[in-house]
Amino acid sequence: MTRPLRLLMCPPAEFTVRYEINPWMDASRPVDTARAVAQWEALRASYVAAGHAVEIIEPLSGMPDMVYAANGATVAGGVAYAARFFVAERREEAPAYLARLTELGLTPYDAARVNEGEGDLLVAGDMLLAGTGWRTERAAHAEASRALGLPVVTLELVDARFYHLDTALTVLRGTTGEAGDVDVAYFPGAFSAASQEALQRLFPDALLATETDAATFALNALSDGERVWLGAGSPSWEARLRERGYTPVPVDVSEILRGGGSVKCCTLVLR
Ligand code: ARG
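This report concerns the structure included in the present document. (Residues numbered from 1 in each chain as written. Predicted model: local features only at pLDDT ≥ 70, side-chain atom pairs only at ≥ 80, totals over all residues. Heavy atoms only, no water.)

Re the environment of Arg146
Consideration 1: Inspection of the secondary structure puts Arg146 in helix H3 (residues 139–148).
Consideration 2: The exposed category is assigned to Arg146, whose relative accessible area is 57%.
Consideration 3: Separated by 35 residues in the primary sequence, Arg146 and Ala111 have C-alpha atoms spaced 11 Å apart. (Helix = DSSP H or I, 4+ residues; strand = E, 2+ residues; numbered from the N terminus. Buried < 20%, exposed > 50% of the residue type's maximum accessible area, 1.4 Å probe, protein only.)

Structural data, given as structure tokens:
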């Protein structure tokens, strides 16, 4: 059995698409907020049914992207390293997330550098994989490393569709931050040539995703080391996860996808 995770999620009561800050968002198509809430509830229920604890943060009114809790901070070793959003539309979320995390018992660490939380800063075993190129500035990587006490590996994202690291890479084993066996999946084309080489050196046996897998947000998944929650609609990717010994748990998040985020984006891991 894997150990239970403690997660933070934000209900999409305020969710809509009224601005476009990534290539997936289309403000001309109306969003069904009630449907998004129902899909989010099903995801939360699925985590709870698997034995994981889900903490909640209430959305600030008028903040449609707050459902993407992964961007709210990065948490490891009881420290919550604050987000500092690149996108102006989401800046108010950072202090709200930090306040909630403090209330939940974590030690807040203010960020001087622009970073979008666990969207770009992924804990993999006892290291931090850190994305840059679209949202999180490179200088935040060293700051996050200091804040969380983890060595950091910088990875450069080069494809606008994969603007956060968690859209291009899944930590399959090592999510909880324990040292040891780490397993990852990623789509190489989302990374610069130098970062592809770095990934290959670090994880020679990684599971490689195709562009089609990545473009269905299949990599935007949460793994507890055994089960992998992901948006429904990537059956061939699910088969590859199964071959590798994982149990895919597909959840319909079609409405939430309209903001350019899937399962992982909705989930912040508290370590
Ligand atoms: N609309 C949000 C944005 O562009 C989506 C965030 C997705 N979150 C993530 N962890 N990748 O900021």
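Section: the nonpolar core
Consideration 1: Core analysis: the biggest nonpolar cluster contains 33 residues, and Leu129, Leu155, Leu165, Leu169, Phe191, Trp237 and Leu241 have the highest contact counts within it.
Consideration 2: Counting residues per element, the ones that place at least two in this core are strand E6 (121–124), strand E7 (127–132), strand E8 (152–156), strand E9 (169–173), strand E10 (183–186), strand E13 (227–231) and helix H6 (235–243).
Consideration 3: Once residues lying within four places of it in the same chain are set aside, the contact partners of Phe191 are Leu155, Glu156, Leu157, Val158, Leu165, Ala168, Leu169, Tyr186, Gln196 and Leu199.
Consideration 4: Listed in part, the 32 residues of the second largest apolar core include Val17, Ile21, Leu222 and Val249. (Core = buried A, V, L, I, M, F, W, Y, C linked by side-chain atoms within 4.5 Å. Contact = heavy atoms within 4.5 Å.)

Observations regarding the site of the ligand
Consideration 1: Residues in close proximity to the ligand total 17 residues, the closest being Arg90, His164, Asp166, Gly259 and Cys265.
Consideration 2: Residue Arg135 places a side-chain N or O atom 2.8 Å away from an oxygen atom belonging to the ligand.
Consideration 3: Residue Gly259 places a main-chain N or O atom 2.8 Å away from a nitrogen atom belonging to the ligand.
Consideration 4: Burial of the ligand by the surrounding chains reaches 100%, relative to a free accessible area of 350 Å².
Consideration 5: For the shell around the ligand, the class distribution of residues is 6 nonpolar, 7 polar and 4 charged. (Near = heavy atom within 4 Å. Polar contact = N/O pair within 3.5 Å; in protein donor to acceptor, adjacent residues only side chain to side chain. Areas by Shrake-Rupley, 256 points an atom, 1.4 Å probe, with all protein chains shown as cover. Nonpolar A, V, L, I, M, F, W, Y, C, P; charged D, E, K, R; others polar.)

Things to note about the pattern of salt bridges
Consideration 1: Tallying each qualifying case throughout the model produces 16 salt bridges.
Consideration 2: Lys264 is paired through a salt bridge with Glu118; the nearest N and O atoms lie 2.7 Å apart. In this pair, Lys264 is assigned in the loop between strand E14 (247–251) and strand E15 (268–270) and Glu118 in the loop between strand E5 (107–109) and E6, connecting sequence segments 146 residues apart.
Consideration 3: Since its relative accessible area comes to 5%, Lys264 is described here as buried.
Consideration 4: With a closest N to O distance of 2.6 Å, Asp159 and Arg161 form a salt bridge. (Salt bridge = Lys/Arg side-chain N within 4 Å of Asp/Glu carboxyl O.)

Things to note about the sheet that holds E14
Consideration 1: Pairing is mixed across the open sheet formed by 3 strands, whose spatial order is E12-E13-E14. The open sheet has two free edges, formed respectively by strand E12 (222–223) and E14, since each of these has just one partner strand.
Consideration 2: Here E12 runs beside E13; their pairing, made up of 2 bridges, is antiparallel. Residue Leu222 lies in a different strand from E13, and its bridge partner there is Trp229. (Pairing = 2+ DSSP bridges.)

Brief notes about the pairing of E14
Consideration 1: In this sheet, E14 lies alongside E13 in parallel orientation, the contact comprising 5 bridges. What sits directly across from Leu230, in E14, is Pro250.
Consideration 2: You can see the chain leave E13, run along H6 and come back into E14, and the turn it takes is right-handed. (Right-handed = clockwise from strand over helix to strand, strands pointing away.)

Here's the deal with the sheet that holds strand E11 (residues 207–208)
Consideration 1: Taken in spatial order, the 3 strands of this open sheet run E9-E10-E11, and their pairing is mixed. Both outer strands of the open sheet, E9 and E11, are each paired with one neighbouring strand and no more.

Regarding the pairing of E7
Consideration 1: E7 sits mainly inside the fold: 6 of its 6 residues count as buried.
Consideration 2: Burial along E7 is two-sided: the residues Met127, Leu129 and Gly131 and Leu128, Ala130 and Thr132 are all buried.
Consideration 3: Here 4 bridges tie E6 to E7, and the two strands are oriented antiparallel to one another. Following the sheet pairing, Ala124 is matched in E7 by Met127.
Consideration 4: Relative to E8, E7 is paired through 5 bridges, and the arrangement is parallel. Following the sheet pairing, Leu129 is matched in E8 by Val153.
Consideration 5: Handedness of the crossover joining E7 and E8 through H3: right-handed.

Re the side chain of His164
Consideration 1: If you trace the backbone, His164 turns up in the loop between E8 and E9.
Consideration 2: Classification of His164 as buried rests on a relative accessible area of 1%.
Consideration 3: Among all residues touching His164, those that are not within four sequence positions of it are Asn71, Glu116, Gly119, Asp120, Arg135 and Leu157.

Regarding H6
Consideration 1: Every buried residue of H6 is listed here: Trp237, Glu238 and Leu241. Looking down the long axis of H6, one finds its buried residues gathered within 105° of arc, a one-sided arrangement. Relative to its buried face, H6 has exposed residues pointing more than 90 degrees away, namely Pro235, Ser236 and Glu243.
Consideration 2: One or two steps after H6, the chain reaches Gly245, where phi turns positive at roughly 100°. (Arc of directions from axis to C-beta.)

So, to be careful, I would describe these as geometric facts and stop short of saying anything about function.
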